[in-house]
Amino acid sequence: MKKLQGVAVSDGIAIGNTRIILRPKLHIRRKSITQNQIKTEFERFESHVNNVVEEIDQLITDISQNQDNRDILSTHKMILTDPEFEASVKKLIEEELLSLEQAINKHFTAVVELFSNMENGYFAQRSSDYEDVAYRLLSKILKQGGDRFEGLEQDMILITDNITPSEVTSVFAKNIQALCTERGSKNSHSSIIARSMNLPTLVNVKDLLANIENDQKVIVDGHQGVIIVDPDRKTLAEYEPLWKQEKKDKQLLLALTDKESTTSDGHQISLMSNIELPEELDNVLKVKSNGIGLFRTEFLFMGRKELPDEEEQFAIYDKIAAKIAPEPLIIRTIDVGGDKLSEVLNLEHELNPNLGVRGIRISLKHIPIFKHQIRAILRASTRENIKIMFPMISTVREIIKVKTVINECMKELEKEDIPFDNAIQIGAMIETPSAAITSDTIAEECDFLSIGTNDLIQYTLAVDRDNMAVGDYYIPYHPSVLRLIKMTADNCQKKKISCAVCGEMASEKIFIPLLLGLGINELSVSPGRLLMVKNEIMKYDLQKIKGHTDLILQQNTCEDVYDKILKYGELDEYFE
Ligand code: PEP
Ligand code: MG
């Protein structure tokens, strides 16, 4: 028996046999071309790229493709038709006398290396998209490769070096049990998709391929991030009941898909989804979410050399709004900063990016870019189901300023005779202590508030949310955090506007009754966890929860708070 540690991307336990499938290596001849061949190689570039783009177009219109695949294919098309790609490949052919295959390979190898070496997860995630495109194009030109997952069967545990986003959807469709990769990162597109599909997944498992064989029995523990190879009887006996229970639970949860998310005493709690990529939309629809409570638009601004223009943004917002209608789509304006956007915005390097120019501060510093986003959102709002939300608000002044920008954009659109929803709702994210403390004034200017607990905890407790070394200090149930949530919820209630939580806290089973008890009436969570959250909501009686939450708010220490949080499950016994 061997235990290998990886990074847990999507939780759940799986027990089964492995199937190792690596991507076949493409063989590219290393032979320089002559000056006379440059023109031919240029022509080959155009014809091959056109063929692949045509093939992609056909696949996009193929009705048997699901929405995830269609969106991924559109991204591939965008990469292939990017003029910078053409210019770079042609330059390599002309200046270095590389064959077309060599030039394409060199171009993408450099791009992939650049992205995957970036510490920033957002940039790192882009590398697999480029790998995917490079493979698609080169395998066509070289007439090598093919569908590597052809032989993959139901219930297998897929072991591979790395996987691209399009491949995750295709292997998931084969009903595999789990996925483990030697490379990859927690926030790659592939990982995000695996998570939203609820497929137990580990990435970055060190020496995975050296320690595993085909058809070997393994346990994948997606909670702890470990894969246990050749488990002994004792370990199997420990895991088997958990695995079976999880399978049963999944079935039970699926039965909740059509049920209302209502507490046992009849209070409706709006249960929405968080998405980071359009590819996740199908999963949102599958679980019949009450809409999208947080669409993080960062992916549009990451890992590229030019900014997305208004048209590109409009096309994406419009497509998502159409698919989710009549349910609402809350679009959050860009929330990046520090190193994350330096490629497209030339931001200054900051010593402390989390306290620097990020979130709304970027938008207010780059008004023309902000206006592109606002105009694109407004143009997509004609179905009247879009709302706009602003990140990292720290003072009501920022809301007043963004409203001025929105008004300017509305006036421009009116002049241009372009329709939009002129009653579009706007909301602020409450992610800083200053915003929570002044949420009465912020609520005055907004139609809804949404608490971003990931950041609110970070800023309230002065703990970097990504720094494992201070992980023990990151305590979501710290009395200070609870008081700020309560204060915000109370202020929303006074103004009769909704108060959501869209941070990770809303996806954690033990915190759901706590958040409802604090006065939260809307939760936005990853689609993969939505049914679990609904199940929790349905268990509790809101009146009883509120009484117990008042008691929790009187506790002084985190330990006492935690003890009491564990008691929500026993409330019925208290009250009977
Ligand atoms: C949050 O901070 O809780 C949040 C939802 O925003 P993000 O995780 O994108 O910073
Ligand atoms: Mg945040």
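Check the entry above for the structure.
Scope of this entry: the structure provided in the associated data block. (Residues numbered from 1 in each chain as written. Chains lettered and ligands numbered in written order. Predicted model: local features only at pLDDT ≥ 70, side-chain atom pairs only at ≥ 80, totals over all residues. Heavy atoms only, no water.)

**Details of the packing of helix α6 (residues 165-173) against helix α7 (residues 189-196)**
The geometry of a pair of packed helices is captured by two quantities: the angle between their axes and the separation between those axes. Two elements in contact, α6 and α7, have axes whose closest approach is 8 Å; the angle formed by their N-to-C orientations is 25 degrees. By the angle between their axes, α6 is roughly parallel relative to α7. In this structure, the crossing between α6 and α7 has a hand that is right-handed. Residue-level contacts link P165, V168 and T169 of α6 to H189, S190, I193 and A194 of α7. Taken together, the residues of the contact of α6 with α7 sort by class into four nonpolar, three polar and no charged. (Axes fitted to C-alpha atoms, helices over the stretch in contact; angles between N-to-C directions. Helix = DSSP H or I, 4+ residues; strand = E, 2+ residues; numbered from the N terminus. Parallel < 35°, antiparallel > 145°, perpendicular 65-115°, else oblique. Left-handed = near helix turned anticlockwise from the far one by under 90°. Contact = heavy atoms within 4.5 Å. Nonpolar A, V, L, I, M, F, W, Y, C, P; charged D, E, K, R; others polar.)

**Let's talk about the site of ligand 1**
Near ligand 1 lie 13 residues; those nearest to it are R296, R332, E431, N454 and R465. In the environment of ligand 1, an oxygen atom lies 2.8 Å from a nitrogen or oxygen atom belonging to the side chain of R332. Between ligand 1 and N454 there is a distance of 2.8 Å, counted from an oxygen atom to a backbone nitrogen or oxygen. Listing elements by their share of the shell around ligand 1, those giving two or more residues are β10 (292-296) and α17 (453-461). Each residue belonging to the shell around ligand 1 can be placed in one class, and the counts come to three nonpolar, four polar and six charged. (Near = heavy atom within 4 Å. Polar contact = N/O pair within 3.5 Å; in protein donor to acceptor, adjacent residues only side chain to side chain.)

**Focus on the packing of aromatic side chains**
This structure, assessed with the given rule, holds nine aromatic pairs. Between F45 and F85, the ring centres sit 5.5 Å apart and the planes meet at 50 degrees, which makes this aromatic pair tilted. Remark: F85 occurs in helix α3 (residues 83-96) and F45 occurs in helix α1 (residues 38-61); sequence separation between them is 40 residues. The exposure classification of F45 matches that of F85, with both residues buried. Site record: aromatic cluster; members linked through ring pairs are F45, F85, F108 and Y130. Positioned over the ring face of F42 is K90, at 5.1 Å from the centre of the ring. Note that K387 overlies the ring of F448, its terminal NZ or CZ placed 5.5 Å from the centroid. (Phe/Tyr/Trp six-rings, centres within 6.5 Å; stacked < 30°, edge-to-face > 60°. Buried < 20%, exposed > 50% of the residue type's maximum accessible area, 1.4 Å probe, protein only. Lys NZ or Arg CZ within 6 Å of the ring centre and 35° of its normal.)

**Focus on the coordination of the magnesium ion (ligand 2)**
Within the first shell, the magnesium ion (ligand 2) binds the protein through E431 (OE) and D455 (OD), at distances of 2.0 Å. In this pair, E431 is assigned in the loop between β13 (425-430) and α15 (433-437) and D455 in helix α17, connecting sequence segments 24 residues apart. Here E431 and D455 have matching classes, each one buried. (Donors = N, O, S within 2.8 Å, 3.2 Å for Na, K, Ca; no water.)

**As for the sheet that holds strand β14 (residues 448-451)**
Strand order around the closed barrel formed by eight strands is β9-β10-β11-β12-β13-β14-β15-β16, with parallel pairing between neighbours. Across this sheet, the average inter-strand angle for adjacent strands is 25 degrees, counted without regard to direction. Where strand β9 (residues 270-275) meets strand β16 (residues 522-525), four bridges bridge the pair, whose relative direction is parallel. Considered in β16, the bridge of L271 is made with L523. (Pairing = 2+ DSSP bridges.)

**Structural notes on the pattern of salt bridges**
Pairing between side chains of opposite charge can happen when their charged atoms approach one another. Applying the stated criterion across every chain yields a total of 36 salt bridges. One salt bridge connects R296 with E276, and the closest N-O pair in it is separated by 3.3 Å. Here E276 lies in the loop between β9 and α9 (281-286) and R296 lies in strand β10, a separation of 20 residues in the sequence. Between D335 and R332 there is a salt bridge; the shortest N-O distance is 3.5 Å. This pair shows no difference in class: D335 is buried, exactly as R332 is. Taken together, the salt bridges that share partners define one network made up of E310, E311, K371, R375, R379, E408, E412 and E416. (Salt bridge = Lys/Arg side-chain N within 4 Å of Asp/Glu carboxyl O.)

**Some details on the sheet that holds strand β5 (residues 178-181)**
Across the sheet, eight strands lie side by side as β1-β8-β7-β3-β4-β5-β6-β2; this open sheet has mixed pairing. In this open sheet, the two edge strands, each paired with only one partner strand, are β1 (2-5) and β2 (7-10). The mean angle between the axes of side-by-side strands here comes to 30 degrees, regardless of whether they run parallel or antiparallel. Two elements, strand β7 (residues 217-221) and strand β8 (residues 226-229), share four bridges in a ladder whose sense is antiparallel. What sits directly across from V220, in β8, is I227. Contacts from α7 reach β2 and β6 (201-203), with the element oriented near 55 degrees to β2.

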